[in-house]
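Summary of the model geometry
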Amino acid sequence: MANAPSKKPEFLRKWLVSLKRKPHMIAMVVLAVAFIYYSLNLTQISNTTAKIYGNGMGLAEFATMLLSMLSLVCFMNAFPHRKKTNIPMLVLMFIMTGIVIYCDIFYGQRITEAITRADNPISATGANIYITHAQNMLKVHTVLLIIGAALTALLPVYRPLIKNINTSVAVEGNENMGTIDISGEDA
């Protein structure tokens, strides 16, 4: 009895075929992970905003959430199915991602100022350890956004490389296709 073929290589082949059709999904996944990461850590950001209450911190937090969602929508509209890339949406997505990166840096600077100020500094240890976690989370979020933007910008470079991946299936019995009589004459 012959062994059944493994499902894992077929799953991997189908995944590669879908990736060849839509290579922009790599960047989309990275940007979506960045948004989910920020959303899941929003409690730490909100508690830090309430504790420090720095100038513009709440606005930066709000702008990050809003523009992160809108940049994902712009990204999806920039790459419509079976159509050319929508350049204005792509430019808008890059602008929004740049603003989100700026908001992360601005927010991180406000945390640093509150921790290191000369009069009445806020301790980021003990009960206020969430401030340190928020600052570290902002650094990771910024790096994820930069990676996602770089993957989007480098899409014309790695798209042909992905398309060169061989995903064809070797079918048995097709070696002698030249011997089949297709002339239409009955013997």
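Our subject is the structure that appears above.
Parameters and conventions
Residues numbered from 1 in each chain as written. Predicted model: local features only at pLDDT ≥ 70, side-chain atom pairs only at ≥ 80, totals over all residues. Heavy atoms only, no water. Helix = DSSP H or I, 4+ residues; strand = E, 2+ residues; numbered from the N terminus. Buried < 20%, exposed > 50% of the residue type's maximum accessible area, 1.4 Å probe, protein only. Contact = heavy atoms within 4.5 Å. Areas by Shrake-Rupley, 256 points an atom, 1.4 Å probe, with all protein chains shown as cover. Core = buried A, V, L, I, M, F, W, Y, C linked by side-chain atoms within 4.5 Å. Patch = residues over 30% accessible without salt bridge, like charges linked within 9 Å, V, L, I, M, F, W, Y side chains within 5 Å. Salt bridge = Lys/Arg side-chain N within 4 Å of Asp/Glu carboxyl O. Axes fitted to C-alpha atoms, helices over the stretch in contact; angles between N-to-C directions. Parallel < 35°, antiparallel > 145°, perpendicular 65-115°, else oblique. Left-handed = near helix turned anticlockwise from the far one by under 90°. Nonpolar A, V, L, I, M, F, W, Y, C, P; charged D, E, K, R; others polar. Phe/Tyr/Trp six-rings, centres within 6.5 Å; stacked < 30°, edge-to-face > 60°. Arc of directions from axis to C-beta.

1. Details of the overall build of the protein
Of the regular secondary structure elements, the protein holds 7 helices and 0 strands. Each helix and strand of the protein, placed in order from N terminus to C terminus, yields the pattern α-α-α-α-α-α-α. Here the protein, with 187 residues, has 34% of them falling under the buried criterion. If you take every contact in the protein between residues at least 6 apart in sequence, the share linking residues at least 24 apart comes to 76%. Accessible surface for the protein amounts to roughly 12400 Å². Of this, 65% is attributable to carbon and sulfur atoms.

2. Focus: the nonpolar core
Among soluble globular proteins, nonpolar side chains are generally buried collectively. With 40 residues, the main nonpolar core has Ile45, Ile52, Phe75, Tyr107, Ile111, Ile131 and Leu138 as its most contacted residues. Among the elements of the structure, helix 2 (25-40), helix 3 (42-52), helix 4 (57-78), helix 5 (87-116), helix 6 (129-153) and helix 7 (155-163) are those that each provide at least two residues to this core. Here this core gets 10 residues from one element, more than from any other, and that element is helix 5. Other than its neighbours up to four places away in sequence, Ile45 contacts Tyr38, Glu61, Tyr107, Ala134, Met137 and Leu138.

3. As for a nonpolar patch on the surface
Residues Leu59, Phe62, Leu66 and Leu70 make up a contiguous nonpolar surface patch of about 390 Å² in total accessible area. Structurally, Phe62 is set in helix 4.

4. With respect to the packing of helix 2 against helix 6
At a minimum axis separation of 8 Å, helix 2 and helix 6 run at an interaxial angle of 165 degrees. Judged by the angle between their axes, helix 2 and helix 6 are roughly antiparallel. Crossing hand, helix 2 versus helix 6: left-handed. Of the residues in helix 6, those touching helix 2 at Ile26, Ala27, Val30, Leu31, Val33, Ala34, Tyr37 and Tyr38 are Met137, Leu138, Val140, His141, Leu144, Leu145, Ile147, Gly148, Ala149, Leu151 and Thr152. Classifying every residue of the contact of helix 2 with helix 6 by side-chain character gives 16 nonpolar, 3 polar and no charged.

5. What about the pattern of salt bridges?
What the rule picks out here adds up to 1 salt bridge. The closest approach of N and O atoms between Arg110 and Glu113, which form a salt bridge, is 3.1 Å. In this pair, Arg110 and Glu113 are both assigned in helix 5, 3 residues apart and thus about one turn of the helix distant. For Arg110, a relative accessible area of 18% puts it in the buried group.

6. What about the environment of Ser123?
Along the chain, the position of Ser123 falls in the loop between helix 5 and helix 6. Residues in contact with Ser123, not counting those within four places in the same chain, are Asn128 and Ile131.

7. Focus: the packing of aromatic side chains
What describes a pair of aromatic rings is the distance from one ring centre to the other and the angle between the planes of the rings. One pass over the structure, following the stated rule, counts 2 aromatic pairs. Ring centres 5.1 Å apart and planes at 55 degrees place the aromatic pair Phe75 and Phe79 in the tilted group. The two residues Phe75 and Phe79 agree in class, both being buried.

8. Quick notes on helix 7
For helix 7, the set of buried residues is Leu155, Tyr158 and Ile162. What you see down the axis of helix 7 is that its buried residues fit within an arc of 80 degrees, all on one side. Turned more than 90 degrees away from the buried face of helix 7 sit Pro156, Val157 and Leu161, all of them exposed.

9. A short note on unusual backbone geometry
Even without a glycine there, the phi angle at Tyr53 is positive, about 55 degrees. As for its position among the elements, Tyr53 is in the loop between helix 3 and helix 4. Since its relative accessible area comes to 72%, Tyr53 is described here as exposed. Phi at Asn120 takes a positive value of approximately 55 degrees, unusual for a residue other than glycine.

Honestly, that's just the spatial picture; any functional story needs more than this.
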